[in-house]
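Okay, here's what each chain looks like letter by letter:
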Amino acid sequence: MEILKYSEEHRIFRDVIRKFFEKEVTPYVDEWEEAGIVPKSIWRKMGEQGFLCMDLPEEYGSVGADFLYSVILVEELSRTNHTGLATPLHSDIVVPYISSYASEELKKRYLPGCVSGEIITAVAMTEPNTGSDLAAIKTSAVEDGNDVVINGQKTFISNGLNCDLVVLAVRDPSVENPYKGMDLFLVEAGTPGFEKGKKIKKVGWHSQDTAELFFTDCRVPKTNRLGEKGSGFIMLMEKLQQERLLCAIMGVTAAERMLEITIEYCKERTAFGRPISKFQNSQFKIVEMATEVKLGRTFVDKLIVEHMDGENIVVDVSLAKYWTTEMAMRVADRCVQLHGGYGYCEEYPIARAWRDARVMSIFAGTNEIMKTIAAKFMGL
Ligand SMILES: Cc1cc2nc3c(=O)[nH]c(=O)nc-3n(C[C@H](O)[C@H](O)[C@H](O)COP(=O)(O)OP(=O)(O)OC[C@H]3O[C@@H](n4cnc5c(N)ncnc54)[C@H](O)[C@@H]3O)c2cc1C
């Protein structure tokens, strides 16, 4: 039984985007991993084809597609076995802050560029001294006439170097309650006082330009605020459901791909005169992984349906984010083992997939934070 009801149009889209990635992305991935960044030109190519911010309405240049198109895109992107081209972060996590909370003037100014790929976005919450404890951020925005003056530092920002526009979490130091003093501002790259720092040298996600951002007396019009003054924390909480669901989709999808390539490898590789897939240990490991992947897939697909129906699934999404990403890490590790020494070699795709899987339990709220959210809602 298929939980997700894909239409003929969805299937055609899957075919089109798969071919696009095969031609425009996969051949360049090694080069991008080496460079530590993807070129902006691939964003514009994605935009030209209508593959960015597909849910936005026609008035901003898009087609108002449903969330299943985003799911398909994430799944097909995972086949390219790299994480640098973070268009799902842009289309399904950052731009929704603008489309949901920005003034009409800001929407008209920025959304068409987000759709065309001329504007690449990032969301900047984390700071050197605070990640999980979001309410403790220090980056300040002090009102001065029609502007706010921003000072502070952000770190671990995905698309940090490529970004043209940042959704920036700040606090008003005059408001004592941190939950009521937080705001989100749109800050354009190139605004005086906004500097991009160095790209962070990471264990994995090599083609992703994760970077530090600095704000020194950076003046931004008050009208660049998203939503009502003081509503930053609430907006972040409202949008985290989709962000964490996407992480869960990424977790399951990555596990599916790793299993697929490992099954292929085990059928081809021989030892003691037979394919290693014929050893009982290999079979048991593969069957155990297939079971976990199917459990994850069933859970996540159910959540996609509920999310699309507008249900509040904060608890289940927290459970799914933590379980699927840890499952992906378990699968990654077993798949490397089944590859033997080749699993530890760069030219085998499982090596990168294993390395890249590790961070999923850390970002978008660590898995420990997912569990604290669930525990709270369970009345513990
Ligand atoms: C590749 C990558 C991309 C990222 N992209 C972005 C981005 O685009 N934008 C952005 O804003 N941030 C981004 N981040 C930052 C990420 O969201 C944070 O790293 C994450 O929220 C954890 O914060 P921290 O690193 O400060 O860890 P800390 O908060 O210092 O946590 C350290 C450890 O303590 C645990 N811990 C903390 N509090 C609790 C608690 N209450 N109960 C139990 N355990 C706890 C954590 O689970 C963790 O194990 C990215 C990070 C990485 C690595």
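Residues numbered from 1 in each chain as written. Predicted model: local features only at pLDDT ≥ 70, side-chain atom pairs only at ≥ 80, totals over all residues. Heavy atoms only, no water.

1. Things to note about the overall build of the protein chain
Of the regular secondary structure elements, the protein chain holds 11 helices and 10 strands. Computed over C-alpha atoms, the radius of gyration of the protein chain comes to 21 Å, within 12% of the 21 Å expected from 2.2 N^0.38 for 380 residues, which places it in the range of a compact globule. Referenced to the eigenvectors of the C-alpha coordinate spread, the extents of the protein chain come out at roughly 80 × 50 × 40 Å. Counting over 380 residues, the protein chain shows a buried share of 52%. When the accessible area of the protein chain is evaluated, it comes to approximately 17,600 Å², of which 54% is carbon and sulfur surface. (Helix = DSSP H or I, 4+ residues; strand = E, 2+ residues; numbered from the N terminus. Rg over C-alpha atoms; globule rule 2.2 N^0.38 Å. Buried < 20%, exposed > 50% of the residue type's maximum accessible area, 1.4 Å probe, protein only. Areas by Shrake-Rupley, 256 points an atom, 1.4 Å probe, with all protein chains shown as cover.)

2. Let's talk about the pattern of salt bridges
For the coordinates displayed, the defined rule picks out 32 salt bridges. Between E24 and K45 there is a salt bridge, and its shortest N-O distance comes to 3.1 Å. Here the residue E24 occupies a position in helix α1 (residues 8–24), and K45 occupies one in helix α3 (residues 40–48), the gap between them amounting to 21 residues. Take E24: its relative accessible area is 14%, and that puts it in the buried class. Its salt-bridge partner being K198, residue E212 comes within 3.7 Å of it at the nearest N-O pair. A residue pair is termed long-range when its members are at least 10 positions apart, and E212 in strand β7 (residues 211–221) and K198 in strand β6 (residues 194–199) qualify at 14 residues. Taking the relative accessible area as the measure of exposure, E212 reaches 15% and is therefore buried. Judged by its relative accessible area of 55%, K198 falls in the exposed class. (Salt bridge = Lys/Arg side-chain N within 4 Å of Asp/Glu carboxyl O.)

3. Quick look at the site of the ligand
As a matter of local geometry, the ligand sits amid 18 residues, with T126, S132, F156, T366 and E368 nearest to it. For the ligand, a nitrogen atom lies 2.8 Å from a polar atom in the side chain of S158. The separation between an oxygen atom of the ligand and a polar side-chain atom of E368 is 2.6 Å. For the ligand, the accessible surface in isolation is 980 Å², of which the surrounding protein chains cover 65%. Going through the elements one at a time, β1 (121–124), β3 (147–157) and α11 (367–377) are the ones with two or more residues in the shell around the ligand. Counting residues per element, the shell around the ligand draws most heavily on α11, at 3 residues. Partitioned by chemical class, the residues of the shell around the ligand number 10 nonpolar, 6 polar and 2 charged. (Near = heavy atom within 4 Å. Polar contact = N/O pair within 3.5 Å; in protein donor to acceptor, adjacent residues only side chain to side chain. Nonpolar A, V, L, I, M, F, W, Y, C, P; charged D, E, K, R; others polar.)

4. Overview of the nonpolar core
Ranked by internal contacts, the top residues of the largest apolar core, which has 92 residues, are F21, L85, V167, L226, I249, M258 and I304. Examining the composition of this core, we find that 14 residues originate from one element, helix α7 (residues 232–268), more than from any other. Those residues in contact with V167 that sit more than four places away from it in its chain are V94, Y97, I98, A122, V123, A124, L184, F185, L186 and L226. With 17 residues, the next largest nonpolar core counts A122, L168, V187 and F215 among its residues. (Core = buried A, V, L, I, M, F, W, Y, C linked by side-chain atoms within 4.5 Å. Contact = heavy atoms within 4.5 Å.)

5. So, the environment of F20
Assignment of secondary structure puts F20 in helix α1. Overall, F20 belongs to the buried group, its relative accessible area being 9%. Measuring from C-alpha to C-alpha, the distance between F20 and F215 comes to 38 Å, with 195 residues separating the pair along the chain. Leaving out residues up to four positions away in the same chain, F20 has contacts with V25, I42, K45, M46, Q49 and F51.

6. Thoughts on the side chain of T139
Looking at the element boundaries, T139 is found in the loop between β1 and β2 (140–144). With a relative accessible area of 1%, T139 lands in the buried category. At a separation of 2.7 Å, a polar atom in the side chain of T139 contacts the side chain of E127. In this structure the side chain of T139 is engaged in a polar contact, spanning 3.5 Å, whose partner is the backbone nitrogen of Q153. Not counting the four nearest positions on each side in its chain, T139 is found in contact with E127, I150, N151, G152, Q153, K154, A169, V170 and R171.

7. Observations regarding the packing of α1 against helix α4 (residues 67–78)
Packed helices, taken two at a time, are described by the angle between their axes plus the distance between the axes. Orientation of α1 relative to α4, taken along the N-to-C sense of each, is 35 degrees, at an axis distance of 10 Å. Read as a crossing pair, α1 and α4 show a hand that is right-handed. Judged by residue contacts, E9, H10, F13, R14, I17, R18 and F21 of α1 engage L68, Y69, I72, L73, E75, E76 and L77 from α4. Split by residue class, the contact of α1 with α4 holds 8 nonpolar, 1 polar and 5 charged. (Axes fitted to C-alpha atoms, helices over the stretch in contact; angles between N-to-C directions. Left-handed = near helix turned anticlockwise from the far one by under 90°.)

8. What to know about the pairing of β3
Where β2 lies against β3, 5 bridges are found, and the strand directions are antiparallel. Considered in β3, the bridge of E143 is made with V148. Note: β3 against β7, 8 bridges, orientation antiparallel. Bridging across to β7, Q153 finds its partner in F214. (Pairing = 2+ DSSP bridges.)

9. Some points on the packing of aromatic side chains
Taken as a whole and assessed by the stated rule, the structure comprises 12 aromatic pairs. The interplanar angle of 20 degrees and the centroid separation of 4.7 Å between the aromatic rings of F194 and F215 together place this pair among those described as stacked. With F194 in strand β6 and F215 in strand β7, this pair connects stretches of sequence that are 21 residues apart. Relative to F363, the ring of W205 lies with its centre 5.1 Å away and its plane at 80 degrees, an arrangement referred to as edge-to-face. Of this pair, W205 sits in the loop between β6 and β7 while F363 sits in the loop between α10 (349–357) and α11, and the two are 158 residues apart along the sequence. Taken together, the ring pairs connect F13, F20, F21, F51 and Y69 into an aromatic cluster. Over the aromatic face of Y6 sits the side chain of R14, whose NZ or CZ is 5.4 Å from the ring centroid. (Phe/Tyr/Trp six-rings, centres within 6.5 Å; stacked < 30°, edge-to-face > 60°. Lys NZ or Arg CZ within 6 Å of the ring centre and 35° of its normal.)

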